[in-house]
Amino acid sequence: MTVVIGFTPEPTSTHALERGLSEARLRGERVLVVNATKGDAFVDPRYGGEGDIDELQQQLDASGLEHEVSRPMGPDIADLVLDEAARVDASLIVIGLRHRTPVGKLLLGSIAQRILLDATCPVLAVKPPQ
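Bear in mind the structure is a predicted one, so any value in this text is a computation, not a measurement. (Residues numbered from 1 in each chain as written. Predicted model: local features only at pLDDT ≥ 70, side-chain atom pairs only at ≥ 80, totals over all residues. Heavy atoms only, no water.)

Engineer: Pulling in residues and values, what's your account of the side chain of Ser70?
Structural biologist: Mapping Ser70 onto the fold places it in strand β3 (residues 67–70). A polar atom in the side chain of Ser70 sits 2.8 Å from the side chain of Glu84. The contact partners of Ser70, leaving out residues within four places of it in the chain, are Leu32, Val33, Val34, Asn35 and Glu84. (Helix = DSSP H or I, 4+ residues; strand = E, 2+ residues; numbered from the N terminus. Polar contact = N/O pair within 3.5 Å; in protein donor to acceptor, adjacent residues only side chain to side chain. Contact = heavy atoms within 4.5 Å.)

Encoded structure:
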């Protein structure tokens, strides 16, 4: 089984990554880190650059866990994360949450909300400390 961790190079994702690695250790499972984009990587700050992915890879290597990094592109980020989770038969999806205004949620939707509602396995939503 595999713990899937949604990753962006943002502080909210750092906490989700740490918690996801802890969960994988507790469960004795491998890790799949998903850093997805709609394809507009030059303007998508959530899609890791080369330095971000190198740093991520170093952290994964140091964890001692079996791991993989996936960087899919497609029109819907929530679907990309859910597709990757289905591909590896995930036992858990770990995602970071960030604060958004009610208007922001209404206008832009929520990737986290879609993952929470549509996932076929448990989802752990990690909120960063304040």
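Engineer: Residues and numbers for the environment of Arg71, please.
Structural biologist: Along the polypeptide, Arg71 turns up in the loop between β3 and α3 (77–87). Sequence-distant contacts of Arg71, that is, excluding residues within four places in its chain, are made with Asn35, Tyr47, Gly48 and Ile53. Reaching out from Arg71, the side chain makes a polar contact with the side chain of Asn35 at a distance of 3.4 Å.

Engineer: Which residues make up the sheet that holds strand β5 (residues 123–126), and what values go with them?
Structural biologist: One open sheet holds the 5 strands; their spatial order is β3-β2-β1-β4-β5, and the pairing between them is parallel. Each edge of the sheet is formed by a strand with only one pairing partner; in this case those strands are β3 and β5. Taken over all neighbouring pairs, the strand axes of this sheet differ in orientation by 20° on average, direction set aside. By the bridge criterion, 4 bridges tie strand β1 (residues 2–6) to strand β4 (residues 90–96) in an arrangement that is parallel. Bridging across to β4, Ile5 finds its partner in Val94. Here helix α2 (residues 50–63) sits on the sheet in contact with β2 (30–34) and β3, set at roughly 160° to β3. Set on the sheet, helix α5 (residues 111–118) makes contact with β4 and β5; between it and β4 the angle comes to about 160°. (Pairing = 2+ DSSP bridges. Axes fitted to C-alpha atoms, helices over the stretch in contact; angles between N-to-C directions.)

Engineer: How would you sum up the nonpolar core? Please name residues and give values.
Structural biologist: Core analysis: the largest hydrophobic core is formed by 18 residues, its most contacted members being Val4, Val34, Val81, Ala90, Ile93 and Ile115. Residue assignment for this core shows that the elements contributing at least two residues are β2, α3, β4 and α5. Residue contributions to this core peak at 6 residues, all from α3. With near-sequence residues (within four places) excluded, Val81 lies in contact with Val34, Ile93 and Ile115. (Core = buried A, V, L, I, M, F, W, Y, C linked by side-chain atoms within 4.5 Å. Buried < 20%, exposed > 50% of the residue type's maximum accessible area, 1.4 Å probe, protein only.)

Engineer: Just give me the short version of the packing of helix α1 (residues 11–27) against α2, but keep the residues and values in it.
Structural biologist: At a minimum axis separation of 11 Å, α1 and α2 run at an interaxial angle of 25°. What the angle tells us is that α1 and α2 run roughly parallel. Of the two possible hands of crossing, α1 and α2 adopt the one that is right-handed. Every residue of α2 that contacts α1 at Leu17, Glu18, Leu21 and Arg25 is listed here: Leu56, Gln59, Leu60 and Ser63. Broken down by class, the residue content of the contact of α1 with α2 amounts to 4 nonpolar, 2 polar and 2 charged. (Parallel < 35°, antiparallel > 145°, perpendicular 65-115°, else oblique. Left-handed = near helix turned anticlockwise from the far one by under 90°. Nonpolar A, V, L, I, M, F, W, Y, C, P; charged D, E, K, R; others polar.)

Function-wise, these values are silent; they only describe arrangement.
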